[in-house]
Structure formats: structure tokens, C-alpha cells
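An overview of the molecular structure
Residues per chain, in single letters:
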Amino acid sequence: MSSSPARISALRRDGSKHLVILFFILISLFPLYMMLEVSFKDNATFLRNPWLPTSPMSWHWENWSFAFHLIVPYIANTVFVAVTGTACSLFLAILGAYFFARHRLPFSGILWAGFLALMLMPSVVNITPLFMVLKSLKLLNTLWALVLVGVAAGQVFNIFVLRNFIEDLPRDLFEAAEMDGASHLQQVFTIVIPMSGPIIGTLAILSFLGMWNDFLLPLIVLRDQDLFTLGVGLIYLDGEYVKQWGQIMAAYFVASIPLLVLFFFTMRLFVRGLSAGALKG
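Residues numbered from 1 in each chain as written. Predicted model: local features only at pLDDT ≥ 70, side-chain atom pairs only at ≥ 80, totals over all residues. Heavy atoms only, no water.

1. Some words on the overall build of the protein chain
The helix and strand inventory of the protein chain stands at 13 helices and zero strands. Along the protein chain, helices and strands appear, N-terminal first, in the series α-α-α-α-α-α-α-α-α-α-α-α-α. Here the C-alpha radius of gyration of the protein chain, 24 Å, is well above what a compact globule of 281 residues would show, namely 19 Å. With the C-alpha coordinates of the protein chain rotated into their principal frame, the extents come out at 80 × 75 × 35 Å. (Helix = DSSP H or I, 4+ residues; strand = E, 2+ residues; numbered from the N terminus. Rg over C-alpha atoms; globule rule 2.2 N^0.38 Å.)

Set out below in C-alpha cells:
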């Protein structure tokens, strides 16, 4: 009986914590709710009742038909850029991190310090010279320009993170692989990638999200509407169709579906990568 008040007090504390967590979850999900319920309305219904959903009998399914027809090509372009850029960026970053972690060449410390100095440069200052380089390479108005820039931009952070992980891997594994005649590339595929899986997965998610949500570079580089990525396509939608809120919100919700699917299927991998980073540190 003496432990009963303490247990009740603990349950009350836990209940208050759960209420706070639930409150922040509801705040985070509120924009998604607004997109979904407004997507079934026309402008008149939205102005009369902006906050609450309407009867299913009065839903405007043509908003979703319009959204799918408009957004699916943008999603295809964005998936191509994000997937290709993420795969190439991580592959090159793994090779670069392996070099910095496993080899000590003359002036490698200076090279590494100069490499890290790139992290201090704001990306906006590179827009003008980057535009001139892409123009000279005849890559303007192409998706490959976004892929190449995304690959180059992701190298510094990815190599910085991966180098620490590769340095912490047991050297005996690399020495045994060298005695068996394994080349450097074979060591990367048989030792580095399998043992760095969680952090590679986390970096893949971050790189994918960065390229998926990129807005400034596609806005500057792309001209043809058929090549637009989601960020640019949605902005043009907002300005072109005189604020048809139902169509706009349906398009926004369709655009968010791939990220929701990515979150549900990779959340554990992302948490594992962060936990591995904490343990390594």
C-alpha cells in the first residue's frame, strides 16, 4: 500500500509527458491535415469552411485528378535526380573517405583541412560561378546539371562523416584482406560498406531529402516545364492558376506522398544510423 501513491505519481508524470508529446505531434500533423481536407473543396467551400472537412458527397475529386496529371511528371524528374545523385554521391564519398582514413600521404593533412574549409562556404555564393560553369559545359536546362551539382555538393559532409567511421573499423580486417590479395576496391565492397551500413543509410536519406527539396538551383537551371522538379513545379502552380486552393492543396499532398512512404520505410534505418554515430562518438 505504501508504494501505491508513488506509483500514481509516476503515472501522472508519464501521462503529462505523453500529453506534451501528443500536442507536438498534432502540431506537426496539422499542415498535412489541412492539405488533405482543403484538397476536396472548391474555392467557395474553402472560404465558407476553411478548417473542418465537408461531407463526402460534396468532395471535388477533380482536384485530385488535376493534381496527379500535373505532379506525376515532376515527381518522375525529381526521383531521377534524387536517386541518381544520391547513389553517385555516396559511392564517390565512400571512396574518398576510404582514402583519407586508410592512407597517410604527404600533405594529406593540409588537403583534408582545405577540404573541410569548403563546409564553411555558404552555397549561395557559388550560384553565379556555378551557372557559368554549367553554361560552358552546355548543361543548362538539363536534369544532369542537377545530378552533377548534387553529387559535388554532397561530398564534403558525406566524406567528413564516413571518414570517422572507417577509421574506427578494425585494422586487422584490412590487413587480412590485403594478405588475401584483395584490392582497395574489394576492401571497400567487402569491409567498408557492410560494416558502415547504418551510417551509409542515414547519409543516403539525408542526401535524398536534400536533392528532393532543392529549389534554388532547379529554378535557375531549368527552363522547360517538362523538366521541372517538384519545388519549381509547385511554385509555378501557385502563381499560374489564380489560387485554386483545392487543386493546389491536392498537388501539395500528392507531392508529399513519396516522402511519407520514405519516412515510414526508412525511419528505423535513420534512427540506427544516428545511434551508431552517437556510440562512435
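More follows now that the structure is in view.
2. Focus on the packing of helix H3 (residues 62–102) against helix H9 (residues 184–195)
Contact geometry of H3 with H9 gives a least axis separation of 11 Å together with a crossing angle of 100°. Judged by the angle between their axes, H3 and H9 are roughly perpendicular. Where H3 abuts H9, its residues Phe-91, Ile-94, Leu-95 and Tyr-98 lie against His-184, Leu-185, Gln-187, Val-188, Phe-189, Val-192 and Ile-193. Tallied by class, residues from the contact of H3 with H9 come to nine nonpolar, two polar and no charged. (Axes fitted to C-alpha atoms, helices over the stretch in contact; angles between N-to-C directions. Parallel < 35°, antiparallel > 145°, perpendicular 65-115°, else oblique. Contact = heavy atoms within 4.5 Å. Nonpolar A, V, L, I, M, F, W, Y, C, P; charged D, E, K, R; others polar.)

3. What to know about the layout of surface pockets
Approximately 1,100 Å³ is the volume found for the largest pocket. In terms of lining, the largest pocket is formed by 31 residues, of which the most central are Ser-123, Val-149, Gly-150, Ala-153 and Gly-154. Breaking the lining of the largest pocket down by element, the ones donating at least two residues are H3, helix H5 (127–136), helix H6 (143–153), helix H7 (155–168), helix H10 (197–212) and helix H11 (216–221). For the lining of the largest pocket, the element with the most residues is H6, which contributes six residues. Residues belonging to the lining of the largest pocket are distributed by class as follows: 21 nonpolar, nine polar and one charged. Counted as a void, the second largest pocket has a volume near 350 Å³. Leu-32, Met-35, Ser-256, Leu-259 and Leu-260 are, among the 17 residues lining the second largest pocket, the residues nearest its centre. Sorting the residues of the lining of the second largest pocket by element identifies helix H1 (3–38), helix H12 (230–240) and helix H13 (245–280) as the ones contributing at least two each. For the lining of the second largest pocket, the element with the highest residue contribution is H13, accounting for seven residues. (1 Å grid on protein atoms, 1.4 Å probe; cavity = no way out; pocket = protein on both sides within 12 Å on 5 of 7 lines; lining within 4 Å. Points joined across faces, edges and corners; volume = space filled by probe spheres on them.)

4. With respect to the side chain of Ser-207
Here Ser-207 shows up in helix H10. Once residues lying within four places of it in the same chain are set aside, the contact partners of Ser-207 are Thr-86 and Asn-158.

5. Quick notes on unusual backbone geometry
We note that Lys-138 has phi near 60°; this positive angle belongs to a residue other than glycine. Mapped onto the secondary structure, Lys-138 falls in the loop between H5 and H6. Residue Lys-138 is classed as exposed on the basis of its relative accessible area of 73%. (Buried < 20%, exposed > 50% of the residue type's maximum accessible area, 1.4 Å probe, protein only.)

6. Some details on the nonpolar core
Membership of the largest hydrophobic core comes to 39 residues, with the highest contact counts inside it found for Ile-71, Leu-146, Val-221 and Leu-230. Contributions of two or more residues to this core are made by H1, H3, H6, H10, H11, H12 and H13. Among the elements that make up this core, the one with the highest residue count is H3 (eight residues). Leaving out residues up to four positions away in the same chain, Val-221 has contacts with Leu-134, Leu-139, Leu-140, Asn-141, Thr-142, Ala-145 and Leu-146. Grouped together as the second largest cluster of nonpolar side chains are 24 residues, Ala-97, Ala-101, Leu-162 and Val-188 included. (Core = buried A, V, L, I, M, F, W, Y, C linked by side-chain atoms within 4.5 Å.)

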